[in-house]
Amino acid sequence: MNKKTSFISDFKAIVFAALLIFVLIFPGQSVFARTPAEIRNQEELNISQDMSSQDLSGNDFVKLDLKGINFSGSNLTGAVFNNSKLNGADLHGAQLNDSLAYATDFEGADLRDVDFNGALLMESTFTDALIEGADFTDAVISRIQQKELCSMASGTNSKTEEDTSYSLGC
């Protein structure tokens with residue numbers, strides 16, 4: 001039995017070595033590689049200055065410079081904006097419910113009448129943003145963000161009829 005066991009062990013070692021050599025000589029094609037989250041679906045987005053009134057729900061806008069882009073009236077439900085720059089962007093009346101905007105810069109953005117219902121907005125900045133009528137019901141924001149937003153809060157959302165101050169828990 002020792003010769004048979006030895007033969008099987010030698011055979012396994014040879015097959016393993018052959019597979020290893022094959023993998024090293026013929027590396028996997030880039031087609032089989034996973035697309036990083038930063039660029040997933042961004043080629044097909046065709047981002048332009050005017051992205052208003054479009055259905056962009058569920059799209060990823062990760063690590064993008066979207067300064068001054070017009071997203072007004074767009075459906076961005078479930079969209080991901082992690083680490084993106086939306087400085088001066090126009091999101092007036094957009095649907096951002098259940099969206100994810102971690103560490104996103106909304107400085108100077110027009111967020112009037114935006115529905116942020118259930119959005120995750122941790123570590124995002126809202127300096128000089130217009131938030132009149134924005135609905136932050138069930139949105140996840142830090143205490144510091146809440147205080148900053150409460151100091152600017154006014155108006156009522158035209159779709160949800162929720163008061164901005166109330167939705168922020170001011």
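Residues numbered from 1 in each chain as written. Predicted model: local features only at pLDDT ≥ 70, side-chain atom pairs only at ≥ 80, totals over all residues. Heavy atoms only, no water.

**Quick look at the overall build of the chain**
Test applied: What counts as a helix is a DSSP run of H or I of at least four residues, what counts as a strand is a run of E of at least two, and both are numbered from the N terminus. Any residue under 20% of the maximum accessible area for its type is buried, any over 50% is exposed, and the rest in between are partly exposed; the area is computed with a 1.4 Å probe on protein chains only. For this analysis, residues touch if any pair of their heavy atoms sits within 4.5 Å. Reported accessibility uses the Shrake-Rupley method at a 1.4 Å probe radius. Residues are deemed covered only where the shown protein chains occlude them.
Looking only at helices and strands, the chain has 3 helices and 0 strands in total. Counting helices and strands in the order they occur from the N terminus, the chain gives α-α-α. Looking at the 170 residues of the chain, the share that counts as buried comes to 36%. Summarising the internal contacts of the chain: among those between residues at least 6 apart in sequence, 11% fall at separations of at least 24. Roughly 10,000 Å² of accessible area belongs to the chain as shown, and the carbon and sulfur atoms make up 56% of that amount.

**Quick look at the state of the cysteines**
The test is simple: Pairs of cysteine sulfur atoms within 2.5 Å are what we label disulfides.
Tallied over the full model, the rule gives 1 disulfide. In this model, C150 is linked to C170 through a disulfide, with the two sulfur atoms separated by 1.9 Å. Disulfide C150-C170: torsion about the S-S bond near -95°, hence left-handed. Residue C150 is located in helix 2 (residues 143-150), and its partner C170 is located in the segment after helix 3 (164-168); the two are separated by 20 residues in the primary sequence.

**Overview of the environment of S74**
What counts is decided by this rule: Whenever a nitrogen or oxygen atom comes within 3.5 Å of another N or O atom, the pair is scored as a polar contact, on the condition that within protein one atom can donate a hydrogen and the other can accept it, and that pairs from neighbouring residues in sequence are kept only if both atoms are in side chains.
Within the secondary structure layout, S74 lies in the loop between helix 1 (2-25) and helix 2. With a relative accessible area of 1%, S74 lands in the buried category. Separated by 23 residues in sequence, S74 and M51 place their C-alpha atoms 7.4 Å apart. Only 3.1 Å separates the side chain of S74 from the backbone nitrogen of S53, close enough to count as a polar contact.

**Here we look at the confidence of the model for the chain**
Inclusion rule: The quantity known as pLDDT measures the predictor's confidence residue by residue, on a range of 0 to 100.
Here the chain shows a mean pLDDT of 86. Residues at 70 or above account for 82%. Per-element mean pLDDT across the chain ranges from 71 in helix 1 up to 97 in helix 3. Contacts for the low-pLDDT stretch residues 30-35, under 50 throughout, to residues beyond four places or in other chains number 1 contact.

**A few points about the packing of aromatic side chains**
Heads up, the rule is: A pair of Phe, Tyr and Trp rings is counted when the ring centres sit within 6.5 Å of each other, with Trp represented by its six-membered ring. The angle between the planes then sorts it: under 30 degrees is stacked, over 60 is edge-to-face, the rest tilted.
Using the criterion set out here, one finds 7 aromatic pairs in the structure. Each ring, one from F116 and one from F136, has its centre 5.0 Å from the other, and the planes form 15°; the classification is stacked. With F116 in the loop between helix 1 and helix 2 and F136 in the loop between helix 1 and helix 2, the pair connects residues that are 20 residues apart, well separated along the chain. No difference in accessibility class separates F116 from F136, as the two residues are buried. Arranged with centres 6.4 Å apart and planes meeting at 85°, the rings of F126 and F136 form a pair that is edge-to-face. Placement of F126 in the loop between helix 1 and helix 2 and of F136 in the loop between helix 1 and helix 2 is noted, with a sequence separation of 10 residues between them. By relative accessible area, F126 is classed as buried at 0%.

**Remarks on the side chain of D115**
Going by this rule: Residues scored as positive are Lys and Arg, those scored as negative are Asp and Glu, and His as well as the terminal groups of each chain are ignored. Each salt bridge in this description consists of a side-chain nitrogen of Lys or Arg and a carboxyl oxygen of Asp or Glu lying within 4 Å of one another.
Here D115 lies in the loop between helix 1 and helix 2. Buried and unpaired, D115 has no salt bridge, with K159 as the nearest side chain of opposite charge at 7.4 Å. Reaching out from D115, the side chain makes a polar contact with the backbone nitrogen of N117 at a distance of 2.9 Å. Leaving out residues up to four positions away in the same chain, D115 has contacts with A94, Q95, L96, N97, D135, N157 and T160.

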